[in-house]
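Fold and contact review
Given next are the chains, with one letter for each unit.
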Amino acid sequence: MQPIDNPAPYQWMEVARRLQSIAQAGLTYGENKYDLERYEELKKISIEMMAEYSDTPFEKIKTLYDLEDGYLTPKVDVRSVVFQDNKLLMVKETIDGCWSIPGGWADVGYTPSEIAVKETLEEAGLAVKPLRLLAVLDKKCHPHPPTPFYTYKIFIRCEPAGGSLMAGMETSEVKYFGLDELPELSTERITASQIQLLFEYLYDPGKPVAFD
C-alpha cells in the first residue's frame, strides 16, 4: 500500500462509514421509538462527516444512504483483467478523463464472471472468456481516494474471445498499456499498486489468489 500524505481525512471517512453501518443496523432492527430517533441522529452525523471529508454535498450523500435498505453490507466492484502481448487492457473513463480497467458495480442476478464479461463488452467492445479469480481486495487497504461506500474489489482474469476495441457509453478510449507506460489512473477505480499486482499474475500464472 502506498503512503498517504494526509491520513486524517481517510481515518475520519472510515469512522463515518462505521457510524453509518451502526445507524443502519439500528434503524433496521430497532423497535423503541427513542432508540430509532437516536439512530437517525447518528446517521445524520455520519453523513455530515462524510460530506466534510469527501467534499461531497450533504444532500447527495443522504440520497445515496437513503437508498440503502436493511442491514448495511459492502458493495462489490468487479474488474476484468485482459492481457495481450504483455500489455493490459485499459479504458479511459469519461467521468474523470483518467484510465482504469473494465468493470463496475456488481448487478443483482449476475455472477462475478458474468459481470466481468458484460462490463468488458460494454466499456471496451471486446468479448472475453473468464479464466480465473486473481484477487479479492478490501478497498480500505489500498490508496484509493475517500468514498462513501465500503467496497470489496474482485479482479477476474479474462482472455479475448472476439469483438474489436471500441469505447462505450462510459468510456472515451480503449488501449493496451505495458507496466512501464501506464497513463494517468482513475484512482477511484484502480491504483498503481493494484496494476503491479495484476502484472505479477501475467509473469507468474500459478500465483495464488490475493486477498486482504
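Look above for the structure.
Let me sum up the structure you'll find in this document. (Residues numbered from 1 in each chain as written. Predicted model: local features only at pLDDT ≥ 70, side-chain atom pairs only at ≥ 80, totals over all residues. Heavy atoms only, no water.)

**Focus on the overall build of the protein chain**
Looking only at helices and strands, one finds 5 helices and 8 strands in the protein chain. Mapped in sequence order, the helices and strands of the protein chain form the string α-α-α-β-β-β-β-α-β-β-β-α-β. Its C-alpha atoms give the protein chain principal-axis dimensions of about 60 × 40 × 35 Å. Of all 212 residues assigned to the protein chain, the portion counted as buried reaches 40%. Taking contacts inside the protein chain between residues at least 6 apart in sequence as the whole, the part at least 24 apart equals 69%. (Helix = DSSP H or I, 4+ residues; strand = E, 2+ residues; numbered from the N terminus. Buried < 20%, exposed > 50% of the residue type's maximum accessible area, 1.4 Å probe, protein only. Contact = heavy atoms within 4.5 Å.)

**Observations regarding the packing of aromatic side chains**
Using the criterion set out here, one finds 4 aromatic pairs in the structure. Ring centres of Phe-83 and Phe-199 lie 5.1 Å apart, and the angle between their planes is 65 degrees; on these two criteria the pair is classed as edge-to-face. In this pair, Phe-83 sits in strand 1 (residues 75-84) while Phe-199 sits in helix 5 (residues 192-203), placing the two residues 116 residues apart along the sequence. Ring geometry for Tyr-150 against Tyr-152: centres 6.2 Å apart, planes inclined by 80 degrees, an arrangement best described as edge-to-face. The exposure class assigned to Tyr-152 is partly exposed, which follows from its relative accessible area of 35%. Through a chain of ring-to-ring contacts, the aromatic side chains of Phe-83, Phe-199 and Tyr-203 assemble into a single cluster. A cation over an aromatic ring shows up here: Lys-75 above the ring of Trp-105, its NZ or CZ 5.1 Å from the ring centre. (Phe/Tyr/Trp six-rings, centres within 6.5 Å; stacked < 30°, edge-to-face > 60°. Lys NZ or Arg CZ within 6 Å of the ring centre and 35° of its normal.)

**Digging into the side chain of Arg-79**
In this fold, Arg-79 is placed in strand 1. Residue Arg-79 is classed as buried on the basis of its relative accessible area, which comes to 4%. Polar side-chain contacts of Arg-79 include one of 2.8 Å to the backbone oxygen of Ile-101. When near neighbours in sequence (up to four residues on either side) are disregarded, Arg-79 contacts Glu-93, Ser-100, Ile-101, Pro-102, Gly-103, Gly-104, Lys-153, Ile-154, Phe-155, Ile-156 and Arg-189. (Polar contact = N/O pair within 3.5 Å; in protein donor to acceptor, adjacent residues only side chain to side chain.)

**Quick look at the nonpolar core**
If you look at the biggest cluster of nonpolar residues, it comprises 20 residues, and the most contacted ones within it are Val-81, Leu-88, Met-90, Ile-101 and Phe-155. When contributions to this core are tallied by element, the ones reaching two or more residues are strand 1, strand 2 (87-93), strand 5 (126-138) and helix 5. Element by element, the count of residues in this core is highest for helix 5, at 6 residues. The contacts of Leu-88, once residues within four sequence positions are left out, are Val-81, Val-82, Phe-83, Ile-101, Lys-175, Tyr-176, Phe-177, Ile-195 and Phe-199. (Core = buried A, V, L, I, M, F, W, Y, C linked by side-chain atoms within 4.5 Å.)

**Points about the environment of Lys-87**
Position of Lys-87 relative to the elements: it lies in strand 2. Distance in space between the C-alpha atoms of Lys-87 and Ile-45 is 45 Å, their sequence separation being 42 residues. Sequence-distant contacts of Lys-87, defined by excluding residues within four places in its chain, comprise Val-82, Tyr-176, Phe-177, Gly-178 and Glu-181. One polar contact links Lys-87 to Glu-181, side chain to side chain, over a distance of 3.1 Å.

**A closer look at the pattern of salt bridges**
Think of it this way: side chains of opposite charge can pair up when their charged atoms draw near. Enumeration over the complete set of coordinates arrives at 14 salt bridges. Between Asp-35 and Arg-38 there is a salt bridge, and its shortest N-O distance comes to 3.0 Å. Within this pair, Asp-35 and its partner Arg-38 are both found in helix 2 (residues 33-54), separated by 3 residues, close to a single helical turn. When its relative accessible area of 54% is taken as the criterion, Arg-38 is described as exposed. A salt bridge links Lys-87 to Glu-181; the shortest N-O distance between them is 3.1 Å. With Lys-87 in strand 2 and Glu-181 in the loop between strand 7 (171-177) and helix 5, this pair connects stretches of sequence that are 94 residues apart. Assessed through its relative accessible area of 32%, Lys-87 is described here as partly exposed. Beyond isolated ion pairs, a larger network of salt bridges with shared partners links Asp-107, Lys-118, Glu-119 and Glu-122. (Salt bridge = Lys/Arg side-chain N within 4 Å of Asp/Glu carboxyl O.)

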